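Read off the chains here:
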Amino acid sequence: MSQGTRFELIPAVDIADGTAVRLVQGEAGTETAYGDPVAAARQWVDDGAYWLHVVDLDRAFGRGTNAEQVAAIVAAVKDRCHVEIAGGIRDDESLDAALATGAHRVVIGTAALEQPEWVAKVIGEHGDRIAVSLDVRGTTLAARGWTEEGGDVFAAIDRLDAAGCALYVVTDVERDGTMHGPHFHLLHRICKHTMTPVIASGGIAKLEDLHKLTEMVPDGIAGAVVGRALYDGAFTLAEAVATIEPRFDFWMWGPPQP
């Protein structure tokens, strides 16, 4: 269990076929389109975001790439906002390309399950610029764009902790995009199992969900990725910041120092 002192509120920009979209439970074919991803990213930064979670869904599903749009997002906002990139990063070439955009953090998913030796190597090389995505159904990991099973989440955490992983992004696949709330019980179990900070993702639907997550900061929750709730107007980014900010010193909301 990590004793945390920060909370990163991270709007998501998921990209498919060049367009910002949201999926339901990560399933291809459930996309709802939200327009130009670069415009979406700029809007979140204008509204006060200091981190963005940018996912290339086509790379994650192995059906193409949105590398041009991802690079354009980083170029457009990196002087005002930190960006983490995810989706289909499974080898040196794709990792190097992601880092070369200037992104501050790269999130590795399937490769962390299928190529543990490579992931341990890149964690050793890049430190806290590498996070690992733990996408979970129950306590079973989901891989390959959430289409295949990837083993027990707690066994994976033990291995990744030993490799020195600096951050986990934990997504309850069954809740992602559903607006049914985070899986708080799962998050509690994971935080108790590891000293590594955890970013919560999936299901956030209301400001109360964010408030509950901030109450878990002493347990190891370090932030939240928020997607559909913001796009659908369940609450605004400014309202989310106002809910969270009183619990933390203001410096935690400023752009992270280089």
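### Examining the pattern of salt bridges
Summed over all chains, the structure comprises 9 salt bridges. Between Lys121 and Asp92 there is a salt bridge; the shortest N-O distance is 3.4 Å. Residue Lys121 is located in helix H6 (residues 116–126), and its partner Asp92 is located in helix H4 (residues 92–100); the two are separated by 29 residues in the primary sequence. On the basis of relative accessibility, which here comes to 35%, the residue Lys121 falls in the partly exposed class. In this structure Asp92 comes out as partly exposed when scored by relative accessible area, which is 36%. Where Glu208 meets Lys212, a salt bridge forms, and the shortest distance between an N and an O atom there is 3.6 Å. Here Glu208 and its partner Lys212 are both found in helix H9 (residues 207–215), 4 residues apart, which amounts to about one turn of the helix. Look at Glu208 and you get partly exposed, because its relative accessible area is 42%. Classification of Lys212 by relative accessible area gives partly exposed; the value is 33%. Each member of the salt-bridge network shares a partner with another, and the members are Glu8, Glu84 and Arg105.

### Describing helix H1 (residues 37–46)
Two residues of an α-helix separated by three or four positions point the same way, owing to the 3.6 residues in each turn. Residues of H1 that are buried include every one of Pro37, Val38, Ala40, Ala41, Trp44 and Val45, and no others. Within H1, the buried residues cover an arc of 160 degrees as seen down the axis, which keeps them to one side. The backbone nitrogen of Val38 lies 3.3 Å from a side-chain oxygen of the residue at the head of H1, namely Asp36. Immediately beyond the C-terminal end of H1, within one or two residues, lies Gly48, with a positive phi of roughly 115 degrees.

### Topic: helix H3 (residues 67–77)
Residues Val70, Ile73, Val74 and Val77 constitute the buried set of H3. One side of H3 carries all its buried residues, which in axial view fall inside an arc of 95 degrees. Relative to its buried face, H3 has exposed residues pointing more than 90 degrees away, namely Glu68 and Ala75. Buried positions along H3 lie against strand S1 (8–16), H1, strand S4 (51–56) and strand S5 (82–86).

### Re the pairing of strand S10 (residues 168–172)
Within S10, 5 of the 5 residues are buried, leaving the element largely enclosed by the surrounding structure. Of the two faces of S10, the one carrying Tyr168, Val170 and Asp172 and the one carrying Val169 and Thr171 are both buried. In this sheet, strand S11 (residues 198–201) lies alongside S10 in parallel orientation, the contact comprising 4 bridges. For Thr171, the partnering residue across the bridge sits in S11 and is Ser201.

### A closer look at the confidence of the model for the protein chain
Averaged over every residue, the pLDDT of the protein chain is 85; the share at 70 or more is 84%. Note that residues 249–258 has pLDDT below 50 and, in this model, 16 contacts with residues that lie over four places away or in other chains.

### Some remarks on the nonpolar core
Counting residues in each nonpolar core, the largest one holds 70 residues, and the members touching the most others are Leu52, Leu134, Leu210 and Leu213. Leave out the neighbours within four places in its chain, and Leu210 touches Leu9, Ile204, Ala224, Val226, Phe235, Ala240 and Ile244. Core analysis: the next-biggest nonpolar cluster, separate from the first, contains 15 residues, Ala16, Val55, Ala131 and Ile199 among them.

### Focus: the environment of Leu207
As for its position among the elements, Leu207 is in helix H9. A relative accessible area of 27% means that Leu207 is categorised as partly exposed. Spatially, the C-alpha atoms of Leu207 and Val241 are 9.6 Å apart, while their sequence positions differ by 34 residues. Look past the residues within four positions of Leu207 in its chain and what remains in contact with it is Phe235, Glu239, Ala240 and Thr243.

### Side note on the packing of aromatic side chains
Any pair of aromatic rings gets described here by the distance separating the centres and the angle formed by the planes. Throughout the structure, instances matching the rule amount to 1 aromatic pair. Considering the side-chain rings of Trp44 and Tyr231, the 5.3 Å spacing of their centres and the 85 degrees angle between planes classify their relative orientation as edge-to-face. Of the two residues, Trp44 is situated in helix H1 and Tyr231 in helix H10 (residues 228–231); the sequence distance between them amounts to 187 residues. Using a relative accessible area of 10% as the deciding quantity, one classes Trp44 as buried. When its relative accessible area of 15% is taken as the criterion, Tyr231 is described as buried.

### Let's talk about unusual backbone geometry
Phi angles above zero are rare outside glycine, and Asp17 is one such case at about 55 degrees. Here Asp17 is to be found in the loop between S1 and strand S2 (19–22).

The rules we used
Residues numbered from 1 in each chain as written. Predicted model: local features only at pLDDT ≥ 70, side-chain atom pairs only at ≥ 80, totals over all residues. Heavy atoms only, no water. Salt bridge = Lys/Arg side-chain N within 4 Å of Asp/Glu carboxyl O. Helix = DSSP H or I, 4+ residues; strand = E, 2+ residues; numbered from the N terminus. Buried < 20%, exposed > 50% of the residue type's maximum accessible area, 1.4 Å probe, protein only. Arc of directions from axis to C-beta. Polar contact = N/O pair within 3.5 Å; in protein donor to acceptor, adjacent residues only side chain to side chain. Contact = heavy atoms within 4.5 Å. Pairing = 2+ DSSP bridges. pLDDT = per-residue confidence, 0-100. Core = buried A, V, L, I, M, F, W, Y, C linked by side-chain atoms within 4.5 Å. Phe/Tyr/Trp six-rings, centres within 6.5 Å; stacked < 30°, edge-to-face > 60°.

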